[in-house]
Amino acid sequence: MSSALTDLLPHPIVQAPMAGGVSVPRLAAAVSEAGGLGFLAAGYKTADGMYQEIKQLRSLTQRPFGVNLFMPQPEYADPAAVDVYAHQLAGEAAWYETELGDRDSGRDDGYDAKLAVLLDNPVPVVSFHFGVPGADVLESLRRAGTFTLVTATTPDEALAVERAGADAVIAQGVEAGGHQGTHRDNPEAECAGLGVLTLVSQIRETVGIPVVAAGGIMRGGQIAAVLAAGADAAQLGTAFLVTHESGANAVHKQALTNPLFTRTELTRAFSGRPARGLVNRFLREHGPYAPAAYPEVHHLTAPLRKKAAASGDPQGMALWAGQGHRQARELPAGQLVEVLAAELEAASTALSAHPKGPTR
């Protein structure tokens, strides 16, 4: 690992920030205490809600941790397409006995207010999703003593991250669960995502800043693989979603290893932006028709997802999951970090002991 990352985490293991109530303070604290880097997800929270979680996390650990922000989104959705999709969702609203959400509930996720909190009360690490913050923002965070990371899904995006002045880039492969962190939502490039090993190696040849690999990583051997490909650390989300400290809904946790859910797909059905989740009824029925309209679709479907979760119905929930979801292990988060670290050490030892060429 680069020296900057080494100071933050003894093990090259980052717990991905998972919005929607998954990445709670107790999860981030457990990961950081075990030698990884725990993360809070500020997405979909108010600035004060984020601040309160930071205070709670600081009461649980003295180790470094991170906070993730969503970048404000440009207005490019077609209102007519959103109208059509809302009409299609009317049957879901009737089924769950609720109203559709207000599509105009906000586009910036309280970005400026959250950034102000993080500058007034600096945290060790801040990461950004859905775009690149301005160079002035990254410089302000650096002066505050905060290490910054920005998600990229292509080498060109990684180059933009480096040029803006971020300290490191998160190379998010197409295998990753949840939202793809593309800087611009381009429907024409929807099926062109790179796998994490290919993406890491290409980004490593493109930028000089540290690289954190993300996407479908569930085992220490896979961490060893991305490190060998050029990454400095690995970010895992789905692997931590089922841990004891995770705030994920119990139905979501159970679905990851439920034989009923056999595969994942990228879909716009729940939010209007490509995100990988388990294929369920809602995804199958609405995914093909969902428009490129984030966060409008996210706001529309929020009451539906909430009612489905409250009623224990996995067929109406956004069951975000990476491609490796069947390898999920229900362990305490700190123990999972220790297991991953041991697997990584064993895999690294095996790699170093392997002959460099054919024996004669």
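A quick note: this is a predicted structure, and the numbers were derived from the prediction, not measured.

Undergrad: Honestly, the side chain of Thr267 in this entry has me stumped. Any pointers?
TA: By the secondary structure assignment, Thr267 is in strand β10 (residues 264–267). A relative accessible area of 5% places Thr267 in the buried class. Of the polar contacts made by the side chain of Thr267, one reaches the backbone nitrogen of Ala269; its length is 3.0 Å. Setting aside residues up to four positions removed in sequence, Thr267 forms contacts with Arg273, Pro274, Ala275, Leu283, Gly287 and Trp320.

Undergrad: Looking at this structure, I do not really get helix α8 (residues 155–164). What am I missing?
TA: Owing to its 3.6 residues per turn, the α-helix brings residues three or four apart onto one side. Within α8 the residues assigned to the buried category are Pro155, Glu157, Ala158, Val161 and Ala164. For α8, the secondary structure elements touched by its buried residues are α7 (135–143), β5 (147–152), β6 (168–172) and α9 (196–204). Phi turns positive one or two residues past the end of α8, at Gly165, with a value near 105 degrees.

Undergrad: Would you mind showing me how to read the environment of Gly35 here?
TA: Counting through the fold element by element, Gly35 comes out in the loop between α2 (25–33) and β2 (38–41). Here the alpha-carbon distance between Gly35 and Gly101, two residues 66 residues apart in the chain, equals 40 Å. If sequence neighbours within four positions are ignored, Gly35 has contacts with Leu9, Pro10 and His11.

Undergrad: When you look at the nonpolar core in this model, what are you seeing that I'm missing?
TA: Nonpolar side chains tend toward joint burial in soluble globular proteins. Counting 100 residues, the largest nonpolar core has Val67, Leu69, Phe128, Val169, Leu236 and Phe240 as its most contacted members. Examining the composition of this core, we find that seven residues originate from one element, helix α15 (residues 333–353), more than from any other. Apart from the residues lying within four places of it in its own chain, the contact partners of Val67 are Phe39, Leu40, Ala42, Met50, Ile54, Leu118, Val123, Val125, Val126 and Ser127. Core analysis: the second largest hydrophobic core is formed by 14 residues, Leu5, Val14, Phe39 and Ile170 among them.

Undergrad: It is not clear to me how the packing of aromatic side chains should be interpreted in this structure. Could you clarify?
TA: The full count for this structure, using the stated rule, is six aromatic pairs. Their ring planes at 20 degrees and their centres at 4.8 Å tell us that Phe270 and Phe282 sit as a pair that is stacked. Placement of the pair is Phe270 in the loop between β10 and β11 (275–278) and Phe282 in helix α13 (residues 281–286), with a sequence separation of 12 residues. In this structure Phe270 comes out as buried when scored by relative accessible area, which is 1%. Put simply, the rings of Tyr44, Phe70, Phe130 and Tyr294 touch in pairs and so form one group of aromatic residues.

Reading the values: rules and limits
Residues numbered from 1 in each chain as written. Predicted model: local features only at pLDDT ≥ 70, side-chain atom pairs only at ≥ 80, totals over all residues. Heavy atoms only, no water. Helix = DSSP H or I, 4+ residues; strand = E, 2+ residues; numbered from the N terminus. Buried < 20%, exposed > 50% of the residue type's maximum accessible area, 1.4 Å probe, protein only. Polar contact = N/O pair within 3.5 Å; in protein donor to acceptor, adjacent residues only side chain to side chain. Contact = heavy atoms within 4.5 Å. Core = buried A, V, L, I, M, F, W, Y, C linked by side-chain atoms within 4.5 Å. Phe/Tyr/Trp six-rings, centres within 6.5 Å; stacked < 30°, edge-to-face > 60°.

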